[in-house]
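Listed here are the chains, written in short residue letters.
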Amino acid sequence: MNLMKTIVAAGLVAASTSAFAADITGAGATFPFPIYSKWADAYKKETGNGLNYQSIGSGGGIKQIEAKTVTFGATDMPLKVEQLEKDGLVQWPMVMGAIVPVVNLEGVKPGELVFDGATLADIYLGKITKWDDPAIKKLNATVKLPSDAITVVRRSDGSGTTFNFTDYLSKVSPEWKTKVGAGTAVEWPAGVGAKGNEGVSGNISQTKNSIGYVEYAYAKQNKLTYTALVNKAGKTVEPTVAAFQAAASNADWAHAPGYYVILTDQPGEQSWPITASTFILMHREPADKAASAEAVKFFKWAFANGGKMAEELDYIPMPEPVVKLIEKTWSADIKS
């Protein structure tokens, strides 16, 4: 059984036990689904309590927590303090990871193809349509590029992965910022849509001459060809945990109201340019206080015991001082 099947099975095991009162319900981002499923499986073995997490995209997670149909929502686009206050929500970062461009090009190996932000933006703007375009060739003089049309793949659902990807493109391309901007859902100038990181991964696997963007764990598990990127310092970097950590080290969580931190296009010679956090949303005054307390217990367990599991899937655990801040937030702000 491959890793993704194991992960899905873990999620289903957790979901199948949802009749028990101790089980926790959550919904949202597909970005952290691999690690939440892994944690859920380990937590169930240790405590007997399950986690029913629906991997439906950040937009869906925000809607479900606002509608109070789940104990927690999960989003890769953090909500601003004004919205948290309006909806009576508490937010914190759970784990960090990275988004990577992926391609399906014959003869091209992972990390061999290089993009800079401007070229990536022009592909998604529909301005660069062929693989042997001069802008791509200039960055990849030694790579054999076909003259075929580029099939552009993007998300069709409301997605925090899309928010971070389009936030990055807005920072590196004035034209993208003006014409499209950043958001969980945007008016895409080009491309075909696929649902979830799962859908984009599947589409890229099956479509020759395609390009897409996915969370790094999905690229690895599906053996997709990720690209290298030129970062803010002008250095070519590959997606590695060290590169994600270099970007994450710039995060000033202690001084960010509502933990609102965006990690795209960070400075530093080693920084991966599309690094991102994924966030949990819960009600300050939950309707079901027992379920809320169970969820916090799970998150506390994940912070204490889940770091190695996160690293095995190439996520970055939250630093210990940040975990201590988050635990204070739970005590002060969630009435359970």
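Residues numbered from 1 in each chain as written. Predicted model: local features only at pLDDT ≥ 70, side-chain atom pairs only at ≥ 80, totals over all residues. Heavy atoms only, no water.

A. Structural view of the overall build of the protein. The secondary structure content of the protein amounts to 14 helices and 13 strands. Taking 2.2 N^0.38 as the reference for a compact globule, 336 residues should give roughly 20 Å; the C-alpha atoms of the protein span a radius of gyration of 20 Å, in line with that estimate. Expressed as lengths along the three principal axes of its C-alpha atoms, the size of the protein is roughly 60 × 45 × 35 Å. Looking at the protein as a whole, 57% of its 336 residues qualify as buried. Residue pairs at least 24 apart in sequence account for 76% of intrachain contacts in the protein once pairs closer than 6 positions are excluded. (Helix = DSSP H or I, 4+ residues; strand = E, 2+ residues; numbered from the N terminus. Rg over C-alpha atoms; globule rule 2.2 N^0.38 Å. Buried < 20%, exposed > 50% of the residue type's maximum accessible area, 1.4 Å probe, protein only. Contact = heavy atoms within 4.5 Å.)

B. Layout of the packing of helix α12 (residues 289-305) against helix α14 (residues 320-333). In contact at an axis separation of 11 Å, α12 and α14 are set at 170 degrees when each is read in the N-to-C sense. For the element pair α12 / α14, the angle class is roughly antiparallel. From α12, V296, F299, K300 and F303 reach across to α14, where they touch V323, I326, E327 and W330. Class assignment for the residues of the contact of α12 with α14 results in 6 nonpolar, no polar and 2 charged. (Axes fitted to C-alpha atoms, helices over the stretch in contact; angles between N-to-C directions. Parallel < 35°, antiparallel > 145°, perpendicular 65-115°, else oblique. Nonpolar A, V, L, I, M, F, W, Y, C, P; charged D, E, K, R; others polar.)

C. Spatial organisation of the side chain of T184. Position of T184 among the secondary structure elements: in the loop between α8 (174-179) and β7 (192-194). Under the relative-accessibility criterion, T184 is labelled buried at 19%.

D. A look at the nonpolar core. Counting 94 residues, the largest nonpolar core has W39, W92, F115 and F299 as its most contacted members. The greatest single-element share of this core, amounting to 10 residues, is contributed by strand β4 (residues 89-104). Membership of the second largest hydrophobic core comes to 11 residues, among which are A27, I62, I262 and L281. (Core = buried A, V, L, I, M, F, W, Y, C linked by side-chain atoms within 4.5 Å.)

E. Representation of the sheet that holds strand β11 (residues 236-237). Within the open sheet, the 3 strands sit side by side as β5-β10-β11. Their pairing is mixed. Of all the strands in the sheet, just β5 (114-115) and β11 have a single pairing partner and so form its edges. Pairing of strand β10 (residues 228-230) with β11, which is carried by 2 bridges, proceeds in the antiparallel orientation. Note on β11: the bridge partner recorded for V230 is T236. (Pairing = 2+ DSSP bridges.)

F. Quick look at the packing of helix α5 (residues 117-124) against helix α7 (residues 160-172). One can describe the packing of α5 onto α7 by two numbers: an axis separation of 9 Å at closest approach and a directional angle of 115 degrees. Crossing of α5 over α7 shows left-handed handedness. Contacts between α5 and α7 involve G117, A118, L120, A121 and Y124 on the former and, on the latter, F165, Y168, L169 and V172. The residue makeup of the contact of α5 with α7, split by class, is 8 nonpolar, 1 polar and no charged. (Left-handed = near helix turned anticlockwise from the far one by under 90°.)

G. Layout of the pairing of strand β1 (residues 24-28). Within β1, 4 of the 5 residues are buried, which leaves the element mostly enclosed by the surrounding structure. Of the strand pairs in this sheet, β1 and strand β2 (residues 51-55) are connected by 5 bridges, and their pairing is parallel. Counterpart to G26 in the pairing with β2 is Y53. One ladder, built from 3 bridges, connects β1 with strand β3 (residues 72-75); its direction is parallel. Bridge pairing in β3 links G26 to F72.

H. Structural view of the environment of A29. Note that A29 resides in the loop between β1 and α2 (33-47). The exposure class assigned to A29 is buried, which follows from its relative accessible area of 0%. C-alpha separation for the pair A29 and S159, spaced 130 residues apart in sequence, amounts to 7.0 Å. Residues in contact with A29, not counting those within four places in the same chain, are Y53, S55, G57, S58, A74, T75, D76 and T278.

I. Highlighting the pattern of salt bridges. Enumeration over the complete set of coordinates arrives at 15 salt bridges. Here K86 makes a salt bridge to D87, at a shortest N to O gap of 3.4 Å. The exposed category is assigned to K86, whose relative accessible area is 65%. Among the residues examined, D87 registers a relative accessible area of 21% and is labelled partly exposed. Across the pair K127 and E175 runs a salt bridge whose closest N-O atoms are separated by 2.7 Å. Of this pair, K127 sits in the loop between α5 and α6 (134-139) while E175 sits in helix α8, and the two are 48 residues apart along the sequence. Its relative accessible area of 47% is what places K127 among the partly exposed residues. One connected set of salt bridges, linked through shared partners, spans D122, K127, E175 and K179. (Salt bridge = Lys/Arg side-chain N within 4 Å of Asp/Glu carboxyl O.)

J. Up close: the side chain of D265. Locating D265 in the fold gives a position in the loop between α11 (241-248) and β12 (275-283). Buried and unpaired, D265 has K232 as its nearest opposite-charge partner, separated by 4.3 Å. What D265 contacts, discounting residues up to four positions off in sequence, is Y168, K171, V172, K232 and P273. (Lys, Arg positive; Asp, Glu negative; His and termini not counted.)

K. Fine view of the environment of G258. Within the element layout of this structure, G258 appears in the loop between α11 and β12. Taking the relative accessible area as the measure of exposure, G258 reaches 23% and is therefore partly exposed. The sequence separation of G258 and L89 amounts to 169 residues, and the corresponding C-alpha distance is 9.7 Å. Apart from residues lying up to four places away in sequence, G258 is in contact with V81, L84 and Q91.

Remember that the coordinates give geometry; whether it matters functionally is a separate question.
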